[in-house]
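These are the residues of each chain, in order.
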Amino acid sequence: MRALRNLGEMVWFQWDELRYAAALIGTALYLTLHPRSWTKAGRDLFANQILSVGVEPILFVCLLAGFVGFSVVVQLAFWTGKAGQSQLLGPLLVAVVARELGPVLTNIVVIVRSSSAMATELGVLKIKGDVALLEKQALDPFLHLVLPRVLGVAVSTLCLTIIFILVALAGGFFFGAWLGMTSRDEWFFTNSVLHALHPRDMVSILAKSILPALFTSASCCIAGLGVGGAVTDIPRATQRALTRSIAGLFVISAVVSLLTYL
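(A) Here's a closer look at the overall build of the protein chain. A count of helices and strands for the protein chain gives nine helices and zero strands. Ordered by position from the N terminus, the helices and strands of the protein chain form the series α-α-α-α-α-α-α-α-α. Buried positions account for 44% of the 262 residues belonging to the protein chain. Once local pairs closer than 6 in sequence are excluded, the contacts in the protein chain between residues at least 24 apart make up 85%. Counting only carbon and sulfur atoms, one obtains 71% of the accessible surface of the protein chain, whose full area is about 14000 Å².

Here you go:
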C-alpha cells in the first residue's frame, strides 16, 4: 500500500507540474499579444536570450547538422540505390531529417546548453531576493523574468531548427555528390525534397520545434523560481528541470507525430 501511495503522490505531483507549465505557457502567449506587457527590461532580456540561445550555438548546430546530413543522406542514397528506388530519397530525407531529427536534436542542444543555466540563474535571483525586490517595487516578476525567457527560447529553437534542416540537407547533398553516391544535379535533389514536403510536414516541424521549447523554458522557470532559501536547493531544481525537459521533448514529439500522420 505504501508503494501505491507513493506512486499516486508522484503521479499527482507530475500532473500538477504539467498543469502549472501549461498555465505558464498560456499566460506567456496571451501577454505576448499585448504591447504593454513588454517593458524595456523585458525587451532587453528577450534580446539577450535570443543571443545566448539562438545565436551563440549556431556554429555547433551547423557542425552537428552537417554530420547528420552526411550520415543520413549517404545511408539513404546507398540503400535506395541498391533497391532501385532512388526517387524515394526526397521523401525519406523529409521523413528522417526534417520531421524527426531536426526538431529533436535541436531541442536537445537547447536543453543541454540552456535549461540548467536558466534554472540556476532564476534560482540565484530567488535566493538573493531579487524576485521579492521586484514585487516590492510593484513590478511583475512574470513580465520581467519569465515572459522574455519563455518566448526567447521558443523563437531561438525554431530558428535553429530551420538552420539545422537546411544545413543537414545541403551538407548531405554535397557530401553525397562528392562521394558519387547521389546525383550531382542540385536542382533534381532540391525538387525531390520540395515535392516530398507537404503542409502537414511544415505543421509538424513548427509544432515539434516550438512546443518542446515552450515546455522546456516553462519547466526551467518553474524549477528556478520554486527553490527555497537554501543554495543547495538549486542543483535539485536544475536536475528536475533537465529531466522534465528531456521527457517532455520526446512525449510532445511522439504526440505531434501521432496527431499529424495517423
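Past the structure itself, the notes keep going.
(B) Layout of the environment of valine 74. Following the sequence through the fold, valine 74 ends up in helix H3 (residues 58-82). Note: C-alpha distance between valine 74 and phenylalanine 175 (101 residues apart in sequence) is 7.8 Å.

(C) Just the pattern of salt bridges, in detail. Scanning all chains against the criterion turns up six salt bridges. Taking the shortest distance from any N to any O, the salt bridge between aspartate 44 and lysine 40 comes out at 3.1 Å. One end of the pair is aspartate 44 and the other is lysine 40, both in helix H2 (residues 40-55) and four residues apart, which spans about a single turn. Its relative accessible area of 56% is what places lysine 40 among the exposed residues. A salt bridge links aspartate 201 to arginine 99, with the nearest nitrogen and oxygen atoms 2.8 Å apart. Of the two residues, aspartate 201 sits in helix H8 (residues 199-225) while arginine 99 sits in helix H4 (residues 89-128), which places them 102 residues apart along the sequence. Residue aspartate 201 shares its accessibility class with arginine 99, and that shared class is buried.

(D) Structural view of the confidence of the model for the protein chain. In the predicted model, the protein chain carries a mean pLDDT of 83, and 84% of its residues have values of at least 70. Here helix H7 (residues 186-196) stands out as the element of the protein chain with the lowest mean pLDDT, 71, in contrast to H8, whose mean of 91 is the highest.

(E) Examining the packing of aromatic side chains more closely. In this structure the tally under the stated criterion is one aromatic pair. On the numbers, 5.4 Å between centres and 75° between planes, the contact of tryptophan 38 with phenylalanine 46 is edge-to-face.

(F) Representation of unusual backbone geometry within the structure. Even without a glycine there, the phi angle at alanine 138 is positive, about 60°. One can find alanine 138 in the loop between helix H5 (130-136) and helix H6 (141-179).

(G) Expanded view of the nonpolar core. Within the largest apolar cluster, 56 residues are counted, with the highest numbers of intra-cluster contacts made by Leu24, Leu93, Phe142, Leu147, Val150 and Cys221. Only helix H1 (2-32), H3, H4, H5, H6, H7, H8 and helix H9 (233-261) provide two or more residues apiece to this core. Of all the elements, H6 adds the most residues to this core, at 14 residues. Aside from chain neighbours lying at most four places away, what touches valine 150 is Leu24, Ala28, Leu214, Ser217, Ala218 and Cys221.

(H) Representation of a nonpolar patch on the surface. On the surface, Val251, Val255 and Leu259 cluster together into a nonpolar patch covering about 300 Å² of accessible area. Here valine 255 lies in helix H9. Overall, valine 255 belongs to the partly exposed group, its relative accessible area being 41%.

(I) Geometry of H8. Along its 27 residues, H8 runs 39 Å from first to last C-alpha, staying within 8% of the 39 Å computed at 1.5 Å per residue. With respect to burial, H8 is a largely interior element, 19 of its 27 residues being buried.

(J) The state of the cysteines, seen in detail. Overall, the coordinates contain zero disulfides when judged by the stated rule. Between cysteine 221, a free cysteine, and cysteine 220, which holds the nearest cysteine sulfur, the sulfur-to-sulfur gap is 6.9 Å.

(K) Layout of the side chain of serine 204. With respect to the helices and strands, the residue serine 204 is situated in helix H8. The residues touching serine 204, leaving out its near neighbours within four places in the chain, are Arg99, Val256, Thr260 and Tyr261.

Scoring rules and cut-offs
- Residues numbered from 1 in each chain as written.
- Predicted model: local features only at pLDDT ≥ 70, side-chain atom pairs only at ≥ 80, totals over all residues.
- Heavy atoms only, no water.
- Helix = DSSP H or I, 4+ residues; strand = E, 2+ residues; numbered from the N terminus.
- Buried < 20%, exposed > 50% of the residue type's maximum accessible area, 1.4 Å probe, protein only.
- Contact = heavy atoms within 4.5 Å.
- Areas by Shrake-Rupley, 256 points an atom, 1.4 Å probe, with all protein chains shown as cover.
- Salt bridge = Lys/Arg side-chain N within 4 Å of Asp/Glu carboxyl O.
- pLDDT = per-residue confidence, 0-100.
- Phe/Tyr/Trp six-rings, centres within 6.5 Å; stacked < 30°, edge-to-face > 60°.
- Core = buried A, V, L, I, M, F, W, Y, C linked by side-chain atoms within 4.5 Å.
- Patch = residues over 30% accessible without salt bridge, like charges linked within 9 Å, V, L, I, M, F, W, Y side chains within 5 Å.
- Expected span 1.5 Å × (residues − 1).
- Disulfide = S-S within 2.5 Å.

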